[in-house]
Amino acid sequence: MSEALVTAVKDICQAHECDRTRMMDVVQAVNDKYGYVSSEAMDLIAEQLSTHRVEVESVVSFYAFLSSKPKGKVVIRLCNDVIDRLQGADRVGQAFVEELGINFGETTPDGQLTLETTPCIGQSDQAPAVAINDVIIPNVSSDKAREIVRELRQHMDPARLVKQHGDGNNAHPLVGSMVHNNIRKRGDLLFTPINRGEAVRKALAMSPVEVIRAVKTARLRGRGGAGFPAGMKWEFTRGAPGDRKFVLCNADEGEPGTFKDRVLLTELPDRVFAGITIAGYAIGAEEGIVYLRSEYRYLIAFLESVLEQRRKDGLLGRNILGKEGFNFDIRIQMGAGAYICGEETALISSCEGLRGDPKNRPPFPAQKGYLDCPSVVNNVETLCCVTKILELGPASFNEFGSDRSSGTKLLSISGDCKQPGVYEMPLGVTLREVLEQCGGADAAAVQVGGASGQMVGPKDYDRKICFDDLATGGALMVFGPDRNILKVAHAFMEFFVEESCGYCTPCRVGNRLLMDRLEKIMAGLAEPADLDYLKELGQTVKTCSRCGLGQTSPNPILTTLENFRPVYEAMVKEETQGFQATFDLAQAVAEAEKIAGRTSVHAHA
Amino acid sequence: MSQTVTLTIDGAKIEGQPGQMILGAAQEAGIYIPRLCHKDGLTPHGSCRVCTVMVNGRPMSACTTPITEGMVVENDTEQISSLRRDLIDMLFVEGNHFCMFCERSGNCELQALAYRFGITAPKYPYMFPDRDVDATHPDIMIDRHRCILCGRCVRSSQEVDGKNVFQFVGRGEEKRVAVNAEAALADTNVDVTDAAIEACPVGAIIKKRVGYVVPIGKRLYDHKPIGSEIEADGAVTAK
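Bear in mind the structure is a predicted one, so any value in this text is a computation, not a measurement. (Residues numbered from 1 in each chain as written. Chains lettered and ligands numbered in written order. Predicted model: local features only at pLDDT ≥ 70, side-chain atom pairs only at ≥ 80, totals over all residues. Heavy atoms only, no water.)

A. View of the overall build of chain A. Counting its regular elements, chain A contains 25 helices and 17 strands. Here the C-alpha atoms of chain A give a radius of gyration of 25 Å, agreeing with the 25 Å that 2.2 N^0.38 yields for 605 residues. Counting across all 605 residues of chain A, residues that qualify as buried make up 60%. Restricting to contacts in chain A with at least 6 residues of sequence separation, those with at least 24 account for 70%. Taken as a whole, chain A presents about 23000 Å² of accessible surface, with 49% of it coming from carbon and sulfur. Of note, chain A has its 68 positive side-chain charges centred 3 Å away from the centre of its 80 negative side-chain charges. (Helix = DSSP H or I, 4+ residues; strand = E, 2+ residues; numbered from the N terminus. Rg over C-alpha atoms; globule rule 2.2 N^0.38 Å. Buried < 20%, exposed > 50% of the residue type's maximum accessible area, 1.4 Å probe, protein only. Contact = heavy atoms within 4.5 Å. Areas by Shrake-Rupley, 256 points an atom, 1.4 Å probe, with all protein chains shown as cover. Lys, Arg positive; Asp, Glu negative; His and termini not counted. Charge placed at Lys NZ, Arg CZ, Asp CG, Glu CD.)

B. Molecular detail of the nonpolar core. One finds Ile45, Tyr63, Ile340 and Tyr568 of chain A together with Ile88, Leu110 and Phe166 of chain B to be the most contacted residues of the largest nonpolar core, which totals 128 residues. Here this core gets ten residues from one element, more than from any other, and that element is helix H18 (residues 485-499) of chain A. Those residues in contact with Phe166 of chain B, other than ones at most four positions away along the chain, are Ile142, Cys153, Val154, Ser157, Val177, Ala178, Val179, Leu185, Ala196, Ile197 and Ile205 of chain B. Judged by nonpolar contacts, the second largest core, of 68 residues, contains Ala129, Leu265, Val272 and Val376 of chain A. (Core = buried A, V, L, I, M, F, W, Y, C linked by side-chain atoms within 4.5 Å.)

C. Fine view of the interface of chain B and chain A. With 41 residues of chain B at the contact, the number on the chain A side is 41 residues. Of the roughly 3300 Å² buried at the junction of chain B and chain A (both faces included), carbon and sulfur atoms supply 55%. When residues of chain B are sorted by the area they lose upon contact with chain A, Met90, Arg171 and Glu173 of chain B head the list and together hold 22% of the total. For the pair chain B and chain A, the interface holds three salt bridges. Of the charged contacts in the structure, one is a salt bridge between Arg171 of chain B and Glu499 of chain A, with a shortest N-O distance of 3.2 Å. Those elements giving two or more residues to the side of chain B that touches chain A turn out to be strand S3 (52-55), strand S4 (58-61), helix H2 (78-94), strand S8 (166-169) and strand S9 (176-179) of chain B. The leading source of residues in the side of chain B that touches chain A is H2 of chain B, at seven residues. (Buried area = accessible area lost by both parts, 1.4 Å probe. Salt bridge = Lys/Arg side-chain N within 4 Å of Asp/Glu carboxyl O.)

D. A look at the sheet that holds strand S6 (residues 183-185) of chain A. All names here are of chain A. The six strands are arranged S6-S12-S11-S17-S14-S15 in an open sheet whose pairing can be described as mixed. This sheet does not close on itself; its edge strands, each paired only once, are S6 and strand S15 (454-456). Across the sheet, the mean angle from the axis of one strand to that of its neighbour is 30°, orientation sign disregarded. The pairing of strand S11 (residues 408-415) with strand S12 (residues 421-426) spans six bridges and is classified as antiparallel. Across the sheet, Thr408 pairs through a bridge with Pro426, a residue of S12. In this fold helix H11 (residues 260-267) packs onto S6, S11 and S12, with an angle of close to 115° to the strand it touches most, S11. Most of the contacts of helix H17 (residues 431-438) go to S12, to which it runs at about 140°, and overall it touches S6, S11, S12, strand S14 (445-448), S15 and strand S17 (475-479). (Pairing = 2+ DSSP bridges. Axes fitted to C-alpha atoms, helices over the stretch in contact; angles between N-to-C directions.)

E. Fine view of the pattern of salt bridges. Tallied over the full model, the rule gives 55 salt bridges over all chains. The residue Arg297 of chain A makes a salt bridge to Asp134 of chain A at a minimum N-O spacing of 3.1 Å. In this pair, Arg297 of chain A sits in the loop between strand S8 (287-292) and helix H13 (300-312) while Asp134 of chain A sits in the loop between strand S4 (130-132) and strand S5 (135-137), placing the two residues 163 residues apart along the sequence. Of the charged contacts, one joins Asp132 of chain B and Arg144 of chain B as a salt bridge, the two residues approaching to 2.9 Å between their closest N and O atoms. Note that Asp132 of chain B is positioned in the loop between helix H3 (109-116) and strand S6 (133-134) and Arg144 of chain B in the loop between strand S7 (140-143) and helix H4 (152-159), a separation of twelve residues in sequence.

F. Spotlight on the sheet that holds strand S1 (residues 5-9) of chain B. All names here are of chain B. Here we have five strands laid out as an open sheet, ordered S2-S1-S5-S3-S4, and mixed in their pairing. In this open sheet, the two edge strands, each paired with only one partner strand, are strand S2 (12-16) and S4. When strand polarity is set aside, the average angle formed by the axes of neighbouring strands in this sheet is 35°. In terms of strand pairing, S3 meets S4 through four bridges, oriented antiparallel. In the strand pairing of S4, Val53 is matched with Met60.

G. Molecular detail of helix H10 (residues 230-239) of chain A. Residue and element names in this part refer to chain A. All buried positions along H10 are accounted for by Ala230, Gly231, Lys233, Trp234 and Thr237. Taken end-on, H10 shows its buried residues confined to a sector of 160°, consistent with a single buried face. In this structure, the buried residues of H10 make contact with helix H9 (208-217), helix H12 (269-283), helix H14 (344-351), strand S10 (375-379) and helix H15 (380-392). (Arc of directions from axis to C-beta.)

H. Summary view of the packing of helix H3 (residues 39-48) of chain A against helix H4 (residues 53-60) of chain A. All names here are of chain A. Orientation of H3 relative to H4, taken along the N-to-C sense of each, is 120°, at an axis distance of 8 Å. Classified by the angle their axes make, H3 and H4 are oblique. Considering only the axes of H3 and H4, their crossing is right-handed. The residues of H4 that touch H3, namely those facing Ser39, Met42, Asp43, Ile45 and Ala46, are Arg53, Val56, Glu57 and Val60. Of the residues that constitute the contact of H3 with H4, the class distribution is five nonpolar, one polar and three charged. (Parallel < 35°, antiparallel > 145°, perpendicular 65-115°, else oblique. Left-handed = near helix turned anticlockwise from the far one by under 90°. Nonpolar A, V, L, I, M, F, W, Y, C, P; charged D, E, K, R; others polar.)

I. Representation of the packing of aromatic side chains in the model. All names here are of chain A. In total, this model carries ten aromatic pairs over all chains according to the counting rule given. With a centroid separation of 4.7 Å and an interplanar angle of 85°, the aromatic rings of Phe246 and Tyr370 are classed as edge-to-face. Highlighted residues: Phe246 in strand S7 (residues 246-251) and Tyr370 in the loop between H14 and S10, separated in sequence by 124 residues. With a relative accessible area of 1%, Phe246 lands in the buried category. We classify Tyr370 as buried; its relative accessible area is 4%. Here the aromatic rings of Tyr339 and Phe495 are separated by 4.7 Å at their centres, their planes lie at 70°, and the arrangement is edge-to-face. Here Tyr339, found in the loop between strand S9 (329-334) and H14, pairs with Phe495, found in helix H18; they are 156 residues apart in sequence, far enough to count as distant. Tyr339 gets classed as buried once you look at its relative accessible area, which sits at 15%. Here a set of aromatic residues connected by ring pairs shows up, and it is made of Tyr281, Phe326 and Phe328. One residue, Arg77, lies across the ring of Phe65, its end atom 3.9 Å from the ring centre. (Phe/Tyr/Trp six-rings, centres within 6.5 Å; stacked < 30°, edge-to-face > 60°. Lys NZ or Arg CZ within 6 Å of the ring centre and 35° of its normal.)

Here it is as structure tokens:
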């Protein structure tokens, strides 16, 4: 074991006070420094954090961006989300493979460059996109891919690949990214100029109970997809016994096709942080955590600078804005590549330095969340809404939206439309209006709510986007008439098989079984009974799974089966005379024939 | 606290203690709720989902859901049995289970549940995964082909033995039980008398040199279905 490694790991652990619950930060720092977490490093970390080696291995092996095997100095991760694929990611991938001379999952012989695929990195409106270490390069073509490799071979510095900055804060010196905001429609609510400190000041002039009442009066419901009333969540947490409470901001925007939180964090971080602070005041917390997905790490220096400014301005820290006794601060916890960590209890596990396994409920986070303390977990957009509610007052907030769904909703629109990007629309807007605005009126299908959402066709375009009809976290993936719906459903299933945490049986096994049977159908080897099989199996997975992932993962199959059944029916063959039309006798006996060294008369009749 | 909580399971009124889980309360009342990852005395895991019941119409795992006053639980219905059969099927096809060659046959909870639910062959296609065997330890063998990822060894080692011999690594389909050593079980502080070794419901962790000491035909579930010990006697004690 090298002395340098011992010293480095010790330093990293001590920088986190050898706190077992900060395991995520420790293993990420080691991974950053060495490109992987070696077996020796695991032993050292375990010793420093007073835990067991297998616990370290357990965490490292869970997250896609951590590795126990050496990787190249630069890791190229091509987004293989369905939208990226429709827009040529496969060709781009081929170019990387050819130029690097390696396949996906491999490292160049000189140990410099590793090539991988990764699920949606939150750039579907500028697909295909690639993450090179922490640098995002959107709109990559095959030629661009070759250029990237050639350039990297010269300087090995991903930052130098950034040629032209994107709009808004993407050009901020601390961001310096090629990513674009693509804000196509600004509503009069969230995408409005911010008066820093106004919302927090107004909140502190009220009692915490009054703040909760305001949020309830505004009828604010969670924007992450589940739509739980935010005020009620806060009330439960405030009322739960415990001296220490937490506000967690879910910035693990991992639902394929979603990217609106990325834009909020880029353009309106003050509105997000104000919302967290207000939530902290309302529930009686002193600590807030932003759980930021690893794919957005390019924003962290900028976000830290905004937090620092808020501390200087008295908007964070002790006795905020002179309010005696209200102390609150926010830290950013980086994720490490796991979709499941967007599930609120998995997010908590990850913040605690554990595998991103969801927790059993009850108890709910409001009773027993982060470090077993009462905790609120809110989506980035929900917290922005909170800030607006305090800025405008609940009555004005209620003027936006429809009867039972107040406010606006940010939609992340991608795929076959003329203007992909972020749209702020009043809740209650019809899908048709949205499609017309984004230039996708000729869509044959729209996936509403990301991979776990539902695929709807033209007969549903007059339905409304709101909590009582088409409820969504905001991802709309538009598919034109030439797209193969089964391929799309298959891409989503691949995603879920990859991202299931594996904790519970139905999700771990059932999603694989669903995908395999869909492949059988796509290969033209299925019978009508296979469609019933999909439906029954999908229902079992939904009913029995432990968390939201498995409770929704069969949706791509179940909703396409429901809304696009003819596509499936065209692929199945009826049984004839009691024989399975799809059974290939010759193929079934082929291996036996080979072993026996002779051919079957019947199989080849 | 001396107060009791009253609930109904399949229409039968039962009483339990506050804080008790549905599975435990049912067991004390002589009602068997099928389970695999649960073991009395260990922290509930809620992973196999075989104990899924309908609670006021919503699916919940009985091992992790505390009882509440007036709760209406459905356990033995055709709908739930069908779901449980699916889950048991999944556990069979996910691994490589060859009952006829397995030393645990007759004492295996997975096999016993399959019999109880009338499963003679799984309806899902076998996956035939490529898994490994760790026979490095002089007294104990791990055969991961038969592991159902219930985590009973993990929790027993932590909670009963005060060790940390086993833990899950990997995610999704890659998830497996690893040992607290760089290489293998022989390098850990596991002992053949550990509770973790007894905790395995299937043939994934087996003791060496004691195979077939109890002959086939005289094993736990050879004559009576799993769960009958609970159903036979309403006074069976449960944790």
